[in-house]
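So you can see what is in the structure, the chains are spelled out below.
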Amino acid sequence: MIARSCAYLIGVLLSICLTACASQAPVGNPRPVWIDNPGNGVSASAGMHVLGRAAQEELAISRARVEFAKRYGVAIDAELITNTKVNNGESHTTSSSTATEATRQSDIKAMVKAKWRDDDADVLWVWLVPAN
């Protein structure tokens, strides 16, 4: 009886230890603080892109620039129109886009200060700050 209780207790303790070790966050690539608190800059992300990592980076930077511009006096109005036609199981998609920009302050400069890739979710984050 005592041997069975000891074996049960050791099994429970081993389970707790293994669970605690398995639930720790990865140490090699921790999430940067600037994603949630970008200070006077902005952070933006882009998920996996069908054209690859370079296109993913361009998209993340573009999103950050739009957000940065909104904060510093540039209004950007963008519209994307997509039409899809389906005929006998075949689909054909066409799209067109327009963008207009109104500026209250014309000299706005920004630079990418940092990049971080979340490998688990395949998301790239960029941190855009004012260029001095």
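Each remark here, short or long, concerns the structure printed above.
Quantities reported herein were computed from a predicted structural model and do not represent experimental measurements.

**Thoughts on the overall build of the protein chain**
Now for step 1: Counting its secondary structure elements, the protein chain contains two helices and five strands.
Now for step 2: Start at the N end of the protein chain and walk to the C end: the helices and strands fall as α-β-α-β-β-β-β.
Now for step 3: Within the protein chain, the proportion of its 132 residues that are buried is 20%.
Now for step 4: Counting only contacts in the protein chain whose residues sit at least 6 apart along the sequence, the fraction spanning at least 24 positions is 55%.
Now for step 5: Taken as a whole, the protein chain presents about 10,200 Å² of accessible surface, with 55% of it coming from carbon and sulfur.

**Thoughts on the side chain of Ser43**
Now for step 1: Topologically, Ser43 is positioned in strand β1 (residues 42-46).
Now for step 2: Polar side-chain contacts of Ser43 include one of 2.8 Å to the backbone oxygen of Ile35.
Now for step 3: Apart from the residues lying within four places of it in its own chain, the contact partners of Ser43 are Trp34, Ile35, Pro38, Trp125, Val126 and Trp127.

**Re the pattern of salt bridges**
Side-chain pairs of opposite charge can arise where the charged atoms are in close proximity.
Now for step 1: Within this structure, the stated rule accounts for four salt bridges.
Now for step 2: Two residues, Arg71 and Glu67, come together in a salt bridge whose shortest N-O distance is 3.8 Å. Here Arg71 and its partner Glu67 are both found in helix α2 (residues 53-71), four residues apart, which amounts to about one turn of the helix.
Now for step 3: A residue is classified by how much of its surface remains accessible, and Arg71, at 45% relative accessible area, is partly exposed.
Now for step 4: Given the relative accessible area of 31%, Glu67 is considered partly exposed.
Now for step 5: The salt bridge involving Arg117 is made with Asp122; its shortest N-O contact spans 3.4 Å.

**Some words on the pairing of strand β5 (residues 123-130)**
Now for step 1: Within β5, seven of the eight residues are buried, which leaves it mostly tucked inside the rest of the structure.
Now for step 2: Across five bridges, β1 lies against β5 in antiparallel orientation. In the sheet register, Ser45 faces β5, and the bridge partner there is Trp125.
Now for step 3: As judged from the eight bridges shared by strand β4 (residues 110-118) and β5, these two strands associate in the antiparallel manner. From the neighbouring strand, Val112 faces β5, where its bridge partner is Leu128.

**Here we look at the nonpolar core**
If you look at soluble globular proteins, the nonpolar side chains tend to sit buried side by side.
Now for step 1: Of all hydrophobic cores here, the largest spans nine residues; its members are Val42, Ala44, Ala46, Ala60, Ala64, Phe68, Leu124, Val126 and Leu128.
Now for step 2: At the level of secondary structure, the elements contributing two or more residues to this core comprise β1, α2 and β5.
Now for step 3: Beyond its immediate chain neighbours, meaning those up to four positions away, Val126 contacts Trp34, Val42, Ser43, Ala44, Ala60, Ile61, Ala64, Ala114 and Lys115.
Now for step 4: In this structure, Ile35, Trp116, Trp125 and Val129 belong to the second largest nonpolar core, which totals eight residues.

Cut-offs applied
Residues numbered from 1 in each chain as written. Predicted model: local features only at pLDDT ≥ 70, side-chain atom pairs only at ≥ 80, totals over all residues. Heavy atoms only, no water. Helix = DSSP H or I, 4+ residues; strand = E, 2+ residues; numbered from the N terminus. Buried < 20%, exposed > 50% of the residue type's maximum accessible area, 1.4 Å probe, protein only. Contact = heavy atoms within 4.5 Å. Areas by Shrake-Rupley, 256 points an atom, 1.4 Å probe, with all protein chains shown as cover. Polar contact = N/O pair within 3.5 Å; in protein donor to acceptor, adjacent residues only side chain to side chain. Salt bridge = Lys/Arg side-chain N within 4 Å of Asp/Glu carboxyl O. Pairing = 2+ DSSP bridges. Core = buried A, V, L, I, M, F, W, Y, C linked by side-chain atoms within 4.5 Å.

That is the geometry; function is a separate question.
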